[in-house]
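Spelled out from the first residue to the last, the chains are:
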Amino acid sequence: SLYKSFLSYTYMTRKRWELISYVSSSSYRVQILKALTEPSTPTQLARKLKLDRPNVSRVLIDLTQKELAKCLNPNSIRTRFYERTKEGEEILKYLK
């Protein structure tokens with residue numbers, strides 16, 4: 001029904017604005033999400049952005065939990081590659 005569609009749209013809009021707020025409240029989150037232009041490891045991103053690798057790893061885990069990034073090889077212990085999700089791309093549109 002139209003009402004259900006409206007509720008669904010309202011929920012998605014609210015959820016998206018919450019994610020925009022979440023990302024924009026941390027310069028690390030913004031920088032890392034923007035830098036994920038191709039699959040990258042925490043070490044690569046840390047070097048590129050001149051940030052500490054442990055902080056980059058923590059932010060990537062947070063972004064993954066929020067479904068804004070995803071780990072391409074989660075079973076790897078040593079080197080994990082991350083990329084932005086479609087939702088991460090959408091959030092970035094509001095941060096430019």
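Since this is a predicted model, take the numbers as computed values, not measurements. Numbering of residues starts from 1 in every chain and runs along the sequence as written. Local features in this predicted model are restricted to residues whose pLDDT is 70 or higher, and side-chain atom pairs enter the listing and the counts only when it is 80 or higher, whereas totals over whole chains, interfaces and linings include all residues. Calculation of side-chain values draws on the structure's entire complement of heavy atoms; hydrogens and water are dropped beforehand.

Asker: Explain the pattern of salt bridges to me, please; I cannot follow it from the model alone.
Answerer: When the charged atoms of two side chains lie near each other, side chains of opposite charge can form a pair. When a carboxyl oxygen of Asp or Glu is within 4 Å of a side-chain nitrogen of Lys or Arg, the pair counts as a salt bridge. Summed over all chains, the structure comprises six salt bridges. Linking lysine 93 and glutamate 90 is a salt bridge whose minimum nitrogen-to-oxygen distance equals 2.9 Å. Of the two residues, lysine 93 and glutamate 90 are both situated in helix H5 (residues 86–93); the distance of three residues between them amounts to about one turn of the helix. In this scheme, a residue with accessible area under 20% of its type's maximum is buried, one over 50% is exposed, and one in between is partly exposed, where area comes from a 1.4 Å probe on protein chains only. Accessibility expressed as a relative area gives 56% for lysine 93, which makes it exposed. Under the scheme used here, helices are H or I runs from DSSP no shorter than 4 residues and strands are E runs no shorter than 2 residues, and both carry numbers assigned from the N terminus.

Asker: Hey, could you run me through the packing of helix H2 (residues 27–35) against helix H4 (residues 53–65) in this one?
Answerer: Between two packed helices, what matters for the description is the angle formed by their axes and the separation of those axes. In this analysis an axis means a line fitted to C-alpha atoms, helices contributing only their contacting stretch, and an angle means the value between N-to-C directions, from 0 to 180 degrees. The geometry of H2 relative to H4 is characterised by a closest axis approach of 10 Å and an angle of 80 degrees between their N-to-C directions. In terms of their interaxial angle, H2 and H4 are classed as roughly perpendicular. When H2 is examined against H4, the residues Tyr28, Arg29, Ile32 and Leu33 are found in contact with a partner set consisting of Asn55, Val56, Val59, Leu60 and Leu63. Three residue categories are used. Nonpolar comprises Ala, Val, Leu, Ile, Met, Phe, Trp, Tyr, Cys and Pro, charged comprises Asp, Glu, Lys and Arg, and polar comprises the others, including Gly. Across the contact of H2 with H4, the residue classes break down as seven nonpolar, one polar and one charged. Reported orientations rely on four angle classes, namely roughly parallel under 35 degrees, roughly antiparallel over 145, roughly perpendicular from 65 to 115, and oblique for the rest. We call two residues in contact when some of their heavy atoms are within 4.5 Å.

Asker: Just checking my understanding: could you explain H5 for this structure?
Answerer: One turn of the α-helix equals 3.6 residues, which is why residues spaced by three or four share an orientation. If you check which residues of H5 are buried, you get Glu87, Gly88, Ile91 and Leu92. All buried residues of H5 lie within an arc of 145 degrees about the axis, which places them on one face of the element. Those residues of H5 that are exposed and aimed more than 90 degrees away from the buried face are Lys86 and Lys93. The reported arc concerns the directions from the helix axis to the C-beta atoms and nothing else.

Asker: For this particular structure, what's the right way to read the packing of helix H3 (residues 42–49) against H4?
Answerer: Running from amino to carboxyl end, H3 crosses H4 at an angle of 120 degrees, the nearest separation of the two axes being 9 Å. Relative to H4, the element H3 is oriented oblique. Along this stretch, H3 crosses H4, giving a crossing that reads as right-handed. Residue-level inspection shows Pro42, Thr43, Leu45 and Ala46 of H3 in contact with H4, the latter providing Arg53, Val56, Ser57 and Leu60. Residues that form the contact of H3 with H4 fall into these classes: five nonpolar, two polar and one charged. Crossing handedness is read from the near helix: turned anticlockwise from the far helix by less than a right angle, it gives a left-handed crossing, and turned clockwise, a right-handed one.

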